[in-house]
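Residues per chain, in single letters:
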Amino acid sequence: MNFNLPRETLIRLSGILSEPRRSSSPAPAPAPAVLAFEATLLAEGVCTLTAMCDHLAQTEKRGSSAIEELVEDLIIVFDIRAQGIYPRPEYLGDEVEGEKGLAAVDAVGFLIQLEAIGLEVDPSRLVDSLIAQIVDRKLLTSIEFDILLYKHTQGKRRIRFSADPVQLDGLHAQRTHKDSIGNRFSVCSRGDLPYSLEISGPKYREPKPQEAVTCALCGMLYVTNHPGDARRHKATHDRVVRRLNPKPSARLQKRVVTGIAGELVGPDAPLWMHGEVYERAAAFRREFGYDFIQWPGGSTTRAPSDWRGHLITGPGGEIAGACAFMHTTARKAEGEWSLQWIWIAPKFRRLGLLEARWADFLQRYGDFDLEKPLSEAMVTFLWKHGSEAQRASLPVF
Ligand SMILES: [Zn+2]
């Protein structure tokens, strides 16, 4: 993150940060005055800038507590909203005098920023209290977001301040140092005038390069070194692997102990079977490049009664594939069943799994139609095993 800072403020801030820390712990035992400030801030929901300056002077003593004089500049730089704070008037209409201050959320957001640039402040207790207040909220302001992510980002940030640009002459120099808790500082100057200050937290790591790649196995396009994309890719990838390389399914094995009728996924079948058919419908769509997933059910809803699915059990009791029939009146007024799609994982193809079920399908659905177009493998299969009417519907070469 980059911020612009008045040169004088940058010089003074660099001065504070170049002194050894007074405490070698990022979260030292709090002094009573610190606890009192925190309790008042939480109770009132606001603090005056005077109170904030006094608080910082208590915790950041380097440079004779010079931080007090930088507070107003830093509030502006970090885009924290200072607003009027007023004592409650005894009578409405009484004149009261206010002063500049911060709402509690803004004050804590400010302390988080100050800690991130290496100053001796510890916002952790205030963060804990405020998180408890926003824990149920679905929408957050940017500062509330910083508070929510405090533990996640603490010590991992890099912040760079640049002074207002002016023409600088003289030799270029860079000074670096590390403080007792691992913050690293780098000050660049020309002719003894600093023009930038960079602070890297103890756990800061250079971001790894990101590039868009397509996974050869699951086909997902994702960005490397991106935590959100890594999570989304893993979910998709694992799903595809489960379909291509299924493990034996105890639930399916239990259903087929009395024969392949147990593979039927009708309106009475358990939801998980509807979900597994959906997974194969998705695999079929992916492999053959169709627009829609042709299974109107899933793991939370059963497909309606004009649809029938079948899971296909592999030799080891795996879910090797699935197919789906739909009842349609598109061609015949009295209606007929039509095989919409069939998908078997590549490693289970040519094992005779479909052949072993074809007679059952013909018995169950009559001389059913097949949704076109058909794959080459399916055409070859039908020439061998299809009914007369099914063969008659095939393209003639
Ligand atoms: Zn993948």
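The rules we used
Residues numbered from 1 in each chain as written. Predicted model: local features only at pLDDT ≥ 70, side-chain atom pairs only at ≥ 80, totals over all residues. Heavy atoms only, no water. Patch = residues over 30% accessible without salt bridge, like charges linked within 9 Å, V, L, I, M, F, W, Y side chains within 5 Å. Areas by Shrake-Rupley, 256 points an atom, 1.4 Å probe, with all protein chains shown as cover. Salt bridge = Lys/Arg side-chain N within 4 Å of Asp/Glu carboxyl O. Lys, Arg positive; Asp, Glu negative; His and termini not counted. Charge placed at Lys NZ, Arg CZ, Asp CG, Glu CD. Buried < 20%, exposed > 50% of the residue type's maximum accessible area, 1.4 Å probe, protein only. Helix = DSSP H or I, 4+ residues; strand = E, 2+ residues; numbered from the N terminus. Contact = heavy atoms within 4.5 Å. Donors = N, O, S within 2.8 Å, 3.2 Å for Na, K, Ca; no water. Tetrahedral: all angles 85-135°; square planar, octahedral: opposite > 155°, others 65-115°. Pairing = 2+ DSSP bridges. Axes fitted to C-alpha atoms, helices over the stretch in contact; angles between N-to-C directions. Core = buried A, V, L, I, M, F, W, Y, C linked by side-chain atoms within 4.5 Å.

**Topic: a negative patch on the surface**
Okay, so step 1: Side chains of Glu90, Asp94, Glu95 and Glu97 sit close together on the surface and give a patch of like negative charge.
Okay, so step 2: Since its relative accessible area comes to 68%, Glu90 is described here as exposed.

**Side note on the environment of Leu140**
Okay, so step 1: Within the secondary structure, Leu140 is located in the loop between α7 (124–134) and α8 (142–148).
Okay, so step 2: Residue Leu140 is classed as partly exposed on the basis of its relative accessible area, which comes to 31%.
Okay, so step 3: Beyond its immediate sequence surroundings of up to four residues, Leu140 is in contact with Ile134, Phe145 and Leu148.

**Some points on the coordination of the zinc ion**
Okay, so step 1: In the first shell of the zinc ion, the protein supplies Cys215 (SG), Cys218 (SG), His233 (NE2) and His237 (ND1), at 2.0 to 2.3 Å from the metal.
Okay, so step 2: One can describe the site at the zinc ion as tetrahedral: its four donor atoms subtend angles covering 100 to 122° at the metal.
Okay, so step 3: Mapped onto the sequence, the donors of the zinc ion take the spacing C-x2-C-x14-H-x3-H. Placement of the pair is His233 and His237 together in helix α10 (residues 227–244), with a separation of four residues, close to one helical turn.
Okay, so step 4: For His233, a relative accessible area of 12% gives the class buried.
Okay, so step 5: Exposure remark for His237: the relative accessible area of 21% places this residue in the partly exposed category.

**Description of the sheet that holds strand β6 (residues 172–178)**
Okay, so step 1: With respect to topology, five strands assemble into an open sheet ordered β1-β5-β8-β7-β6, the strand pairing being mixed. Either end of the sheet is taken by a strand with one partner, and the two such strands are β1 (2–5) and β6. Each strand of the sheet is rotated relative to its neighbour by a mean of 20°, with strand direction disregarded.
Okay, so step 2: One ladder, built from four bridges, connects β1 with strand β5 (residues 158–163); its direction is parallel. Counted as the bridge partner of Asn2 is Arg160 from β5.
Okay, so step 3: In the packing of helix α1 (residues 7–18) onto the sheet, the strands contacted are β1, β5, β6, β7 (184–190) and β8 (193–200), and the crossing angle to β8 comes to about 50°.

**Points about the pairing of β5**
Okay, so step 1: Pairing analysis gives five bridges linking β5 to β8, with the strands arranged antiparallel. Bridging from a neighbouring strand, Ser162 pairs with Ser196 of β8.

**Focus: the nonpolar core**
Okay, so step 1: If you look at the biggest cluster of nonpolar residues, it comprises 47 residues, and the most contacted ones within it are Phe78, Phe110, Leu114 and Phe161.
Okay, so step 2: At eight residues, the largest contribution of residues to this core is made by helix α6 (residues 104–116).
Okay, so step 3: When sequence neighbours within four positions are dropped, the list of residues in contact with Phe78 reads Phe3, Phe110, Gln113, Leu114, Ile117 and Phe161.
Okay, so step 4: Ranked by size, the runner-up nonpolar core spans 40 residues in total, among them Trp307, Trp343, Phe361 and Leu370.

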